[in-house]
Amino acid sequence: MSLTDYIITVFCLIDDMLAEMKDDGLNLRRRGPAPQLADSVVLAREIIGEFLGYDTDSGIFHYFRRHHVAFFRNSCRCIARPSPERPPTFGESNSACISGCCAA
């Protein structure tokens, strides 16, 4: 299995499990502001990052920002605007980066 296939598989498994939990009435979040990232994106990145040997949140963040920004575009913390040219990626609304940090 390639790394790309692994990333997609892990994300889909987590996303499906969280959807089942929500259908059963279990929710990870109960209070507070709406998150900028979907829970499935955060959990998938943590699991994949640990699997690859990145032990810190900062290391995982920088790894995905450098190597897999196409999968997790909205996690690069940049200003976004609507764009019909690019479909949404994992855990993201239909937006495109205008600051250049997400240029793939």
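Here the structure is a predicted model, which is why all the values come from computation and not from measurement.

## Some words on the nonpolar core
Among the nonpolar cores identified, the biggest contains 13 residues, and Ile7, Val10, Ile14, Ala44, Ile48 and Phe64 are the most heavily contacted of them. Where this core is concerned, the elements lending two or more residues are α1 (3-23), α2 (39-51) and α3 (57-67). Tallying contributions element by element places α1 first for this core, with 6 residues. In contact with Val10, other than residues within four places in its own chain, are Ala44, Ile47 and Ile48.

## Remarks on the packing of α2 against α3
Two elements in contact, α2 and α3, have axes whose closest approach is 10 Å; the angle formed by their N-to-C orientations is 95 degrees. One way to sum up the angle between α2 and α3 is to call them roughly perpendicular. Residues Arg45, Glu46, Ile48, Gly49 and Glu50 of α2 form the contact with α3, whose own contacting residues are Asp57, Ile60, Phe61 and Phe64. Looking at the contact of α2 with α3 residue by residue, the classes come out as 4 nonpolar, 1 polar and 4 charged.

## A closer look at the confidence of the model for the protein
Taken over all residues, the pLDDT of the protein has a mean of 74, while the share at 70 or more is 68%. Taken together, the stretch residues 78-82 has pLDDT below 50 and engages in 15 contacts with residues farther than four places along the chain or on a different chain. For the stretch residues 91-104, pLDDT sits under 50, and the model shows 40 contacts to residues farther than four places along the chain or on other chains.

## Section: the packing of aromatic side chains
Counted under the stated rule, the structure contains 3 aromatic pairs. When the centroid spacing of 4.6 Å and the interplanar angle of 35 degrees are considered together, the rings of Tyr6 and Phe51 count as tilted. Linking Tyr6 in helix α1 with Phe51 in helix α2, this pair joins segments that are 45 residues apart in sequence. What makes Tyr6 buried here is its relative accessible area of 18%. By relative accessible area, Phe51 is classed as exposed at 56%. Look at Tyr63 and Phe64: their rings are 5.3 Å apart centre to centre, the planes differ by 80 degrees, and that puts the pair in the edge-to-face class. Pair check on accessibility: Tyr63 and Phe64 agree, each one buried. Cluster of aromatic residues (ring-pair linked, three or more members): Tyr54, Tyr63 and Phe64.

## A few points about a negative patch on the surface
Taken together, the side chains of Asp15, Asp16, Glu20, Asp23 and Asp24 define an acidic patch exposed on the protein surface. Along the chain, the position of Glu20 falls in helix α1. A relative accessible area of 52% places Glu20 in the exposed class.

Cut-offs applied
- Every chain is numbered independently, its residues counted from 1 as its sequence is written.
- Note on the predicted model: pLDDT of at least 70 is required for a residue's local features to be given, and 80 or more for side-chain atom pairs to be given and counted; whole-chain, interface and lining totals, by contrast, use all residues.
- By convention in this description, side-chain values take in all heavy atoms of the structure and omit both hydrogens and water.
- Take the buried residues of types Ala, Val, Leu, Ile, Met, Phe, Trp, Tyr and Cys, join any two whose side-chain atoms come within 4.5 Å, and each joined set is a nonpolar core.
- Think of it in three bands: with a 1.4 Å probe and only protein chains considered, a residue is buried below 20% of the maximum accessible area for its type, exposed above 50%, and partly exposed in between.
- Each helix corresponds to a stretch of at least 4 residues labelled H or I by DSSP, and each strand to a stretch of at least 2 residues labelled E; elements are numbered beginning at the N terminus.
- In what follows, a contact means two residues having at least one pair of non-hydrogen atoms within 4.5 Å.
- Structural elements are reduced to axes, namely lines fitted to C-alpha atoms, with helices fitted over the stretch in contact, and the angle between N-to-C directions of any two is expressed from 0 to 180 degrees.
- Convention used here: angles under 35 degrees read as roughly parallel, angles over 145 as roughly antiparallel, angles from 65 to 115 as roughly perpendicular, and any remaining angle as oblique.
- Think of it as three bins: nonpolar holds Ala, Val, Leu, Ile, Met, Phe, Trp, Tyr, Cys and Pro, charged holds Asp, Glu, Lys and Arg, and polar takes everything else, Gly as well.
- pLDDT gives the predictor's per-residue confidence on a scale running from 0 to 100.
- Only centres within 6.5 Å qualify two rings of Phe, Tyr or Trp (six-membered ring in Trp) as a pair; their planes then separate them into stacked at under 30 degrees, edge-to-face at over 60, and tilted for everything else.
- Within this analysis, patches are made of residues with over 30% relative accessible area and no salt bridge. Like charges are joined at 9 Å or less; nonpolar side chains (Val, Leu, Ile, Met, Phe, Trp, Tyr) at 5 Å or less.
- For every accessible area listed, the method is Shrake-Rupley and the probe measures 1.4 Å; residues are considered covered only by the protein chains on display.
- Any Lys or Arg side-chain nitrogen found within 4 Å of a carboxyl oxygen on Asp or Glu counts as a salt bridge.
- For the purpose of counting charges, residues Lys and Arg are taken to be positive, whereas Asp and Glu are taken to be negative. His and the chain ends are not included.
- Charged groups are reduced to one reference atom each: NZ for lysine, CZ for arginine, CG for aspartic acid, CD for glutamic acid.

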